[in-house]
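The lines below spell out each chain.
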Amino acid sequence: NNDDTPTEDRTLSITVTDGDGGSTGSQTVSVTVNPINDLPVVDALSDINLTDTTGADIIGDINDFITATDVDDTVLTYAIDGGNISGGYSTLAGTYGTLTVDTNTGTYVYSPDSEAVNALSSNTSETFTLNVNDGEATVGTVLTISIQAVEEGTVSFAEQGAAASPFADLTVTNEAGVSYSGGYI
């Protein structure tokens, strides 16, 4: 059978001759084909690369999608390993951002935590495992978030002169009769 939907049971008749016109033999053989599930094939994901600068960065969302196929023509679903599934989305908060995957389409959004990225003083990365399921089997692939960090600059303040005492000759008395005078700001 040469089509995409093979017959599970097949009976074959085999005839053998000696090639010199001598004896001939026949035998009938039954063959049973047991179909198995073929795993989904998942393309490798592109790393997400973030770069911190010396300023206070606000890093926007990064959108992409998982590309997967299945020769069994089954409907594929998508999820993050260890993520929470709600309303058709799988979500997992990482150290430097949150990943959200649409469980029906495989599109995903990584939302960086700008405050966490800005606080970094050395390069780092985090990974998420994204799973593709065909109803019988799951195949995982890794999404890597690479962050190049720059130590934030330090703010320093230099006083321009001596402290001012504009109220040196002023006396303030409170309701209890206590007086204060000669203060600095």
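These numbers come from a predicted model, not from an experiment.

(A) Looking closely at the overall build of the protein. Within the protein, the secondary structure is distributed over 1 helix and 15 strands. Long-range pairs, those at least 24 residues apart, make up 52% of the contacts in the protein between residues at least 6 apart in sequence. Here the protein displays about 12,600 Å² of accessible surface, and carbon together with sulfur accounts for 49% of that area.

(B) Main features of the sheet that holds strand E5 (residues 62-65). Taking strand neighbours across the sheet as the criterion, the 5 strands line up as E5-E11-E10-E9-E8 in an open arrangement whose pairing is antiparallel. The open sheet is flanked by E5 and strand E8 (84-86), the only strands paired with a single partner. The average angle at which neighbouring strand axes cross in this sheet is 20 degrees, direction not considered. Strand direction decides the pairing type here: E5 and strand E11 (residues 107-112), joined by 4 bridges, are antiparallel.

(C) Structural view of the side chain of Ser90. Residue position: Ser90 is located in strand E9 (residues 89-93). Here the side chain of Ser90 touches Ile80 through a polar contact of 2.9 Å, landing on its backbone nitrogen. When neighbours within four sequence positions are excluded, Ser90 is seen to be in contact with Ala79, Ile80, Gly83, Asn84, Ile85, Leu99, Thr100, Val101 and Thr103.

(D) The arrangement of a negative patch on the surface in detail. Together, Asp38, Asp72, Asp73 and Glu136 give the surface a local cluster of negative charge. Mapped onto the fold, Asp72 is located in the loop between strand E6 (68-69) and strand E7 (77-80).

(E) Representation of the pairing of strand E4 (residues 48-51) within the structure. Residues Ile48 and Leu50 point to one face of E4 and are all buried, whereas Asn49 and Thr51, pointing to the other face, are not buried. Taken together, the 4 bridges between E4 and strand E13 (residues 138-148) define a ladder with parallel strand orientation. In the sheet register, Leu50 faces E13, and the bridge partner there is Ile147.

(F) Quick look at the environment of Leu130. Take Leu130: it is sitting in strand E12 (residues 124-133). Here the alpha-carbon distance between Leu130 and Gly106, two residues 24 residues apart in the chain, equals 9.2 Å.

(G) Structural context of the sheet that holds E13. Strand order in this open sheet of 4 strands is E4-E13-E12-E7, and the pairing throughout is mixed. Of all strands in the sheet, those bounded by a partner on one side alone are E4 and E7. Neighbour to neighbour, the strand axes of the sheet diverge by 20 degrees on average, direction disregarded. Taken together, the 10 bridges between E12 and E13 define a ladder with antiparallel strand orientation. Paired with Phe128 across the strands is Leu143, a residue of E13.

(H) Quick look at a nonpolar patch on the surface. Nonpolar side chains collect at one region of the surface, where Leu12, Ile14, Val16, Val29, Val31 and Val33 lie side by side and expose about 430 Å² of accessible area between them. Considering every element that reaches the nonpolar patch, the biggest residue donor is strand E1 (residues 9-17), with 3 residues. Following the sequence through the fold, Val33 ends up in the loop between strand E2 (24-32) and strand E3 (41-42).

(I) Main features of the packing of aromatic side chains. Within the structure shown, the criterion is met by 1 aromatic pair. An angle of 65 degrees between the planes, with centres 6.0 Å apart, marks the rings of Tyr110 and Phe128 as edge-to-face. Linking Tyr110 in strand E11 with Phe128 in strand E12, this pair joins segments that are 18 residues apart in sequence. As far as the burial class goes, Tyr110 and Phe128 line up, both buried.

Scoring rules and cut-offs
- Residues numbered from 1 in each chain as written.
- Predicted model: local features only at pLDDT ≥ 70, side-chain atom pairs only at ≥ 80, totals over all residues.
- Heavy atoms only, no water.
- Helix = DSSP H or I, 4+ residues; strand = E, 2+ residues; numbered from the N terminus.
- Contact = heavy atoms within 4.5 Å.
- Areas by Shrake-Rupley, 256 points an atom, 1.4 Å probe, with all protein chains shown as cover.
- Pairing = 2+ DSSP bridges.
- Axes fitted to C-alpha atoms, helices over the stretch in contact; angles between N-to-C directions.
- Polar contact = N/O pair within 3.5 Å; in protein donor to acceptor, adjacent residues only side chain to side chain.
- Patch = residues over 30% accessible without salt bridge, like charges linked within 9 Å, V, L, I, M, F, W, Y side chains within 5 Å.
- Salt bridge = Lys/Arg side-chain N within 4 Å of Asp/Glu carboxyl O.
- Lys, Arg positive; Asp, Glu negative; His and termini not counted.
- Charge placed at Lys NZ, Arg CZ, Asp CG, Glu CD.
- Buried < 20%, exposed > 50% of the residue type's maximum accessible area, 1.4 Å probe, protein only.
- Phe/Tyr/Trp six-rings, centres within 6.5 Å; stacked < 30°, edge-to-face > 60°.

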